[in-house]
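Coordinates in review
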Amino acid sequence: MYTSPLLSADQLRFFEENGYLLLPDFLSPDQCETLIHRAGELVEELRKEWDSAIFTTREQTRTSNEYFLTSGDKVRVFMEEDRDTGSDSHRVNKIGHALHDLDPVFRDFPRSTDLAVIAEEIGISKPGLMQSMYIFKQPKIGGEVSVHQDATFLYTDPLSVVGFWFGLQAATLENGCLWALPGGHKLGLKSRFKRDGKGGTCFEDLGETPLPTEGYVPLEVSAGTLVLLHGLLPHYSEANRSLLPRQAYAIHVIDQQTHYPAENWLQRTDSLPLRGWEN
Ligand code: FE2
């Protein structure tokens, strides 16, 4: 238990009004470096899986769907879609989606009760760490991530997902920082990404209007910044065309007191029960 609030009233108000909050210097340079180093090791350890990644031909789509859809309780590697962009570890797009449970270094990180406090302060009464992603956003080839709401992919009833996005390196306009629509979390959920019952996935439209295309602001951050992202906040990132890397680690947290549907794309086995920040 904690005795004093970690987020100030102004910070909480900002999050409630805008749907995001930047917390600079949340991680130390050493903490950032520990994750960056371990991610580099994991890329090599997963080398044999590089060819299972996201390809574009029809036959390979089936394989990559399977690889993707069964990754919720594993540590898997995903490659940039354009196979001509490089020939080595440079093509790695991300590692996911149960790093935080299965990898010793990521499981230990971050050992900070502050995160449990923050989760409670923003209204998650029983946090469950549903998904982790190590995002490489490689120099020159790191692909864009189009506008989306995280609740599209991690739907709960009622909605509860919050993204804890840790910038491990500076994210700027040049190397593909996040962009977010202030207040856009009040627009409701526009779609759900679900298993289609035939081994694939589909989007179900929910809103009558699409996500706005204008009004987004860049979230430029220094290394070590924690960015909180409301699950309904529209956000995206542009491709990284710079020579600078932009590595980040994201954990998506749901409230375990909500209902998590079986048709959500990400599923975990009973042998890997959801845990909170402190266990
Ligand atoms: Fe996202």
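Criteria and thresholds
- Residues numbered from 1 in each chain as written.
- Predicted model: local features only at pLDDT ≥ 70, side-chain atom pairs only at ≥ 80, totals over all residues.
- Heavy atoms only, no water.
- Helix = DSSP H or I, 4+ residues; strand = E, 2+ residues; numbered from the N terminus.
- Buried < 20%, exposed > 50% of the residue type's maximum accessible area, 1.4 Å probe, protein only.
- Contact = heavy atoms within 4.5 Å.
- Donors = N, O, S within 2.8 Å, 3.2 Å for Na, K, Ca; no water.
- Pairing = 2+ DSSP bridges.
- Axes fitted to C-alpha atoms, helices over the stretch in contact; angles between N-to-C directions.
- Core = buried A, V, L, I, M, F, W, Y, C linked by side-chain atoms within 4.5 Å.
- Salt bridge = Lys/Arg side-chain N within 4 Å of Asp/Glu carboxyl O.
- Phe/Tyr/Trp six-rings, centres within 6.5 Å; stacked < 30°, edge-to-face > 60°.
- pLDDT = per-residue confidence, 0-100.

1. What to know about the overall build of the protein
When helices and strands are tallied, the protein shows seven helices and 13 strands. Classification of the 279 residues of the protein by burial places 53% in the buried group. A separation threshold of at least 6 residues defines the contact pool for the protein, and within that pool the share at least 24 residues apart is 82%.

2. So, the coordination of the iron ion
Surrounding the iron ion are the protein donor atoms His148 (NE2), Asp150 (OD) and His235 (NE2), which sit 2.1 to 2.2 Å from the metal. One chain supplies every donor for the iron ion, spaced along it as H-x1-D-x84-H. Placement of His148 in strand β5 (residues 145–148) and of His235 in strand β12 (residues 235–237) is noted, with a sequence separation of 87 residues between them. As far as the burial class goes, His148 and His235 line up, both buried.

3. Brief notes about the sheet that holds strand β2 (residues 75–79)
Taken in spatial order, the seven strands make up an open sheet running β1-β11-β6-β13-β4-β3-β2, and their pairing is antiparallel. With one partner strand each, in any of the chains shown, β1 (20–23) and β2 form the two edges of the open sheet. Across the sheet, the axes of successive neighbouring strands diverge by a mean angle of 20°, strand direction being ignored. By the bridge criterion, five bridges tie strand β6 (residues 162–167) to strand β11 (residues 226–230) in an arrangement that is antiparallel. Residue pairing for β11: Phe164 is matched across the bridge by Leu228. Helix α1 (residues 9–18) contacts β1 and β11 of the sheet and is inclined by roughly 140° relative to β1.

4. Focus on helix α6 (residues 113–121)
Every buried residue belonging to α6 is among Leu115, Ala116, Val117, Ile118, Ala119 and Glu121, and all of these are buried. Against the buried residues of α6 lie α1, β1, β4 (127–135), β6 and β11. One or two steps after α6, the chain reaches Gly123, where phi turns positive at roughly 100°.

5. Points about the sheet that holds strand β7 (residues 178–180)
As a general point, the strands of a sheet are linked pairwise by backbone hydrogen bonds and lie either parallel or antiparallel. Strand order in this open sheet of four strands is β5-β12-β7-β10, and the pairing throughout is antiparallel. Both edges of this open sheet fall to β5 and β10 (217–219), since each of them pairs with a single strand only. Across the sheet, the mean angle separating the axes of adjacent strands is 25° when strand polarity is ignored. In this structure, β7 lies alongside β10, joined through three bridges in antiparallel fashion. Among the inter-strand pairings, Trp179 is bridged to a residue of β10, identified as Pro218.

6. Considering the nonpolar core
In terms of nonpolar packing, the biggest core is built from 44 residues, with Ile95, Tyr134, Phe164, Phe166, Leu228 and Tyr249 touching the most fellow members. The element that contributes the greatest number of residues to this core is helix α2 (residues 29–45), accounting for six residues. Residues within four places of Ile95 in sequence aside, it is in contact with Ala39, Leu42, Val43, Leu46, Val75, Arg76, Val77, Ser132, Met133, Tyr134 and Phe136.

7. Quick word on the pattern of salt bridges
Taken as a whole, this structure holds eleven salt bridges when the rule is applied. Arg38 is the partner of Glu45 in a salt bridge, and the nearest nitrogen-oxygen pair spans 2.9 Å. The exposure class assigned to Glu45 is partly exposed, which follows from its relative accessible area of 46%. Taking relative accessible area as the criterion, Arg38 reaches 11% and is therefore assigned buried. Lys194 is paired through a salt bridge with Glu204; the nearest N and O atoms lie 3.0 Å apart.

8. Re the packing of aromatic side chains
By the definition in use, this model includes 18 aromatic pairs. Between Phe26 and Phe166, the aromatic rings sit 6.3 Å apart at their centres with planes inclined by 45°, giving tilted as the arrangement. Residue Phe26 is located in the loop between β1 and α2, and its partner Phe166 is located in strand β6; the two are separated by 140 residues in the primary sequence. In this structure, Phe26 and Phe166 share a single accessibility class: buried. Members of the aromatic cluster, joined through ring pairs, are Phe26, Phe106, Phe109, Tyr134, Phe136, Phe166 and Tyr249.

9. Thoughts on the confidence of the model for the protein
Scored by pLDDT, the protein has a mean of 89; 90% of the residues are at 70 or more. Note that residues 55–60 has pLDDT below 50 and, in this model, seven contacts with residues that lie over four places away or in other chains.

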